[in-house]
Amino acid sequence: MPRSVIDPHALILTASRPDSEIAASLLAEIGINSRSAADVGQFARMLADNVLFTVVAEEALRGSDLRAISLWTQHQPSWSDLNFLFLTHHGGGTERNPLAAQLSDALGNVTFIERPFHPTTFFSVARTALKARHRQYEGRSAMEAVAEAGERLATALIAGKLSAWELDLDTMALVASADLRAVFGRGPAVPFGYAELLASIHPDDRGRVAEAIGRAGGGEDLAVEYRTLWPDGGEHWAETRARLVRTRGRRKLVGVCSNVTERKTAERALRSENETLEARVAVRTAELEQAHRMALEQIAQREAAERKLVQSQKMEMIGQLTGGVAHDFNNLLMAVLGNLDVLRRHLGHDPKAARLIEGALQGAQRGASLTQRLLAFARRQELSIAVADLAELVRGMTSLIERTIGPMVELRVDLPEAPARALVDSNQVELALLNLVVNARDAMPGGGALTLTLDTLPAPEGGDDFVRLAVADTGIGMDRATLERATEPFFTTKGVGKGTGLGLSMIQGLSEQLGGRLRLSSVEGEGTLVELLFPAVTAQTAPAPLRPEPEPDARAEPLAAAAEEEAAGRLRILLVDDDSLISMSTADMLEDLGHDVLEANSGEAALRYLDAGEAIDLMITDFAMPRMNGAQLAQAARELRPDLPILLATGYAELPPGAEIDLPRLGKPYDQRQLEAQIEALRIGPREVCPAARGR
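In this report, the structure presented in the accompanying data block is examined. (Residues numbered from 1 in each chain as written. Predicted model: local features only at pLDDT ≥ 70, side-chain atom pairs only at ≥ 80, totals over all residues. Heavy atoms only, no water.)

Here's the deal with the sheet that holds strand β10 (residues 250-259)
Hydrogen bonds between backbone atoms are what pair the strands of a sheet, whose relative direction is either parallel or antiparallel.
Inference 1: Ordered by their spatial adjacency, five strands build an open sheet running β7-β6-β10-β9-β8, and the pairing between neighbours is antiparallel. Whereas interior strands pair on both sides, the edge strands pair on one side only; in this sheet they are β7 (173-176) and β8 (222-229). Going across the sheet, the axis of each strand differs from the next one's by a mean of 25°, ignoring polarity.
Inference 2: Examined bridge by bridge, strand β6 (residues 163-168) and β10 share six bridges and lie antiparallel to one another. (Pairing = 2+ DSSP bridges. Helix = DSSP H or I, 4+ residues; strand = E, 2+ residues; numbered from the N terminus. Axes fitted to C-alpha atoms, helices over the stretch in contact; angles between N-to-C directions.)

Encoded structure:
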């Protein structure tokens, strides 16, 4: 559909609203939007260029005045021929349907569909009408393009002070515009043919112009300057350019002509100043060289910006793909870990089986760690952000760093005396720093120096300051090509089995998710500098904790009451998850903990349990589910049962805008111990206020 067509739709007119709804639903099945008119008058008023075609029932027009519709049809633009699909019980022949001839005369392009008809027939006719309308829109676009091209040509001729002309070489008939006559000093009403044109040329130039026209007749482009003699005796200059065009077996010269008297006068004046010509040329050359250099610099800057944009788009695409794959893999690990955890509890005394299950659990946990690194690169990991003193954090890691780098690498630490507070996730920053230290150590196989520096940098835009954590080594460094790819996921210069290629990409994702940035510089043979910038926090501007201790929540009281009433702590739990593997695994863990479980595979199914009055002590729901996500389900559930405790199970923290809701959260993948701990936390009293899950 051309972009110039705004809100394209089909227009429906039937005798009843149900018939209109049926027609609209049929059109919707093949992807066509539609609107319905209540009567013939409204139908006529709704006719417009963006109507794709109309669907009209015979009974809706019976006894109606069609003059308004006929008038609109007659005054359609030349490109438009709107198709009327007429639903009739009598066919399109005049012998069976006397109304057919009247409709064809009044509406023009009418297609009769005899009822009853099969939907396939209706679909075929509708698609044919749609294709025909598309061709009409394309014709309109082509007509507009031709008109626009003509206007642009006319504008260009006016702007360039050019006059158009045509010369038929077979008859020597000249078509001259008023502007061309003005070039030769003639008025618009004065006869001006080819003979008059030659007579207007200076005698010394006339033969040269005639020869150039003769060569142009053989296919050579015409470009000639010559003097003209005006009727008042004045001498002027003209420039003519033309090209041979063959049309229907005839040869024509089509070209433009301009008055170049001012330019020729300026050239003569320039020649008269011969003594200063060299200096002027030198100045002009210098200006051109400067302009050329500036153009080259601009081109280089633009190419660099384009490369950065392409790289940014590629990394964004990889990040989205990586985050989605990691999240789906997280869900699979959830089922694996949950089932293994339950199986381990019911194993009994079988050392070999216990060893095998423990190995499977460790492998799944490594997979969960890998997904967290992937989510860190995609900036979708869940962070525990709080104000931390990075100076103390680095001091606390000094011993670990010394053991990590070994005796061949000298550790230098430059930390400020004053606290260097920043808003970070301390655990993730420690992992990032350790990763950078390992990279630096591997870059210095023969030993060297590793320097850790911590200071405060002012923001370049005058905003909040940054705390800078710098890691510098004296290792082998990186060349330019390696440096440009260093933060790409899965790119590594280490040997097989020695690196995943996710370290720097994970650190970059972490810094950006915390509102900071990663800066990387390196010189081959001299070493590498990695700088992590985090938003600085002063004592006056330090934010309140992200997870404050809330007032007692009434929604947790039913769980506490249930705990008091049942010594065994048995709860009736509604489990909502559209993934059957995760639902089965979680249900097994809950039942193993001694709870009764009701399973629902959608938000709608869960609401039916609640609406039916089922006794439910707790609802555990996934977030991302079709039709109704976890946040929407929680809101609907609270309308039915305001005091029902709800636990949201999710893999990372990015809800779409507007989906935030205050719910306790259980991070995926989780094991039975974590599930039990979260339920106990809800059972014993006020629950912790957690950020709403953002994502599944």
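Some details on the side chain of Ser80
Inference 1: Structurally, Ser80 is set in the loop between α4 (67-74) and β4 (84-88).
Inference 2: Within the local environment of Ser80, its side chain forms a polar contact with the side chain of Gln76, the two groups lying 2.7 Å apart.
Inference 3: Discounting residues that sit within four places of it in the chain, Ser80 has contacts with Arg133 and Gln136. (Polar contact = N/O pair within 3.5 Å; in protein donor to acceptor, adjacent residues only side chain to side chain. Contact = heavy atoms within 4.5 Å.)

Re a nonpolar patch on the surface
Inference 1: Side chains of Leu332, Leu581 and Met584 sit close together on the surface and give an oily, nonpolar patch of about 270 Å² of accessible area.
Inference 2: Leu581 sits in the partly exposed class, given a relative accessible area of 44%. (Patch = residues over 30% accessible without salt bridge, like charges linked within 9 Å, V, L, I, M, F, W, Y side chains within 5 Å. Areas by Shrake-Rupley, 256 points an atom, 1.4 Å probe, with all protein chains shown as cover. Salt bridge = Lys/Arg side-chain N within 4 Å of Asp/Glu carboxyl O. Buried < 20%, exposed > 50% of the residue type's maximum accessible area, 1.4 Å probe, protein only.)

Brief notes about the sheet that holds strand β22 (residues 665-667)
Inference 1: Taken in spatial order, the five strands of this open sheet run β19-β18-β20-β21-β22, and their pairing is parallel. Among the strands making up the open sheet, the edge pair consists of β19 (596-600) and β22. The average undirected angle you get between the axes of adjacent strands in this sheet is 20°.
Inference 2: Bridge analysis of strand β18 (residues 572-576) against strand β20 (residues 618-622) gives four bridges, and the strand direction is parallel. Counted as the bridge partner of Leu574 is Met619 from β20.
Inference 3: Contacts between helix α18 (residues 580-592) and the sheet are confined to β18, β19 and β20, with β19 contributing the most and set at about 165° to the helix.

Details of the packing of aromatic side chains
Inference 1: Enumeration over the complete set of coordinates arrives at five aromatic pairs.
Inference 2: Their ring planes at 40° and their centres at 5.4 Å tell us that Phe184 and Phe192 sit as a pair that is tilted.
Inference 3: Using a relative accessible area of 1% as the deciding quantity, one classes Phe184 as buried.
Inference 4: These aromatic residues form a ring-pair network of at least three members: Phe184, Phe192 and Tyr226.
Inference 5: In this arrangement the basic side chain of Arg140 is found over the ring face of Trp79, its NZ or CZ atom lying 4.6 Å from the centre.
Inference 6: Positioned over the ring face of Trp237 is Lys264, at 4.7 Å from the centre of the ring. (Phe/Tyr/Trp six-rings, centres within 6.5 Å; stacked < 30°, edge-to-face > 60°. Lys NZ or Arg CZ within 6 Å of the ring centre and 35° of its normal.)

Some points on helix α13 (residues 390-405)
Inference 1: Of all the bends in α13, the largest measures some 45° and sits at Thr398.
Inference 2: Along α13, the residues classified as buried are Leu390, Ala391, Leu393, Val394, Met397, Ile401, Thr404 and Ile405. (Bend = angle between axes of the 7 residues up to and from the residue.)

As for unusual backbone geometry
Inference 1: Residues Arg115 and Pro116 are joined by a peptide bond in cis, for which omega reads 0°.
Inference 2: Secondary-structure assignment places Pro116 in the loop between β5 (110-114) and α6 (119-159).
Inference 3: Even without glycine at this site, Met172 takes up a positive phi of about 60°.
Inference 4: Along the chain, Met172 falls in the loop between β6 and β7.
Inference 5: Positioned with a positive phi, Arg627 is a non-glycine residue whose angle comes to about 70°.
Inference 6: The residue Arg627 is located in the loop between β20 and α20 (630-640) in this model.

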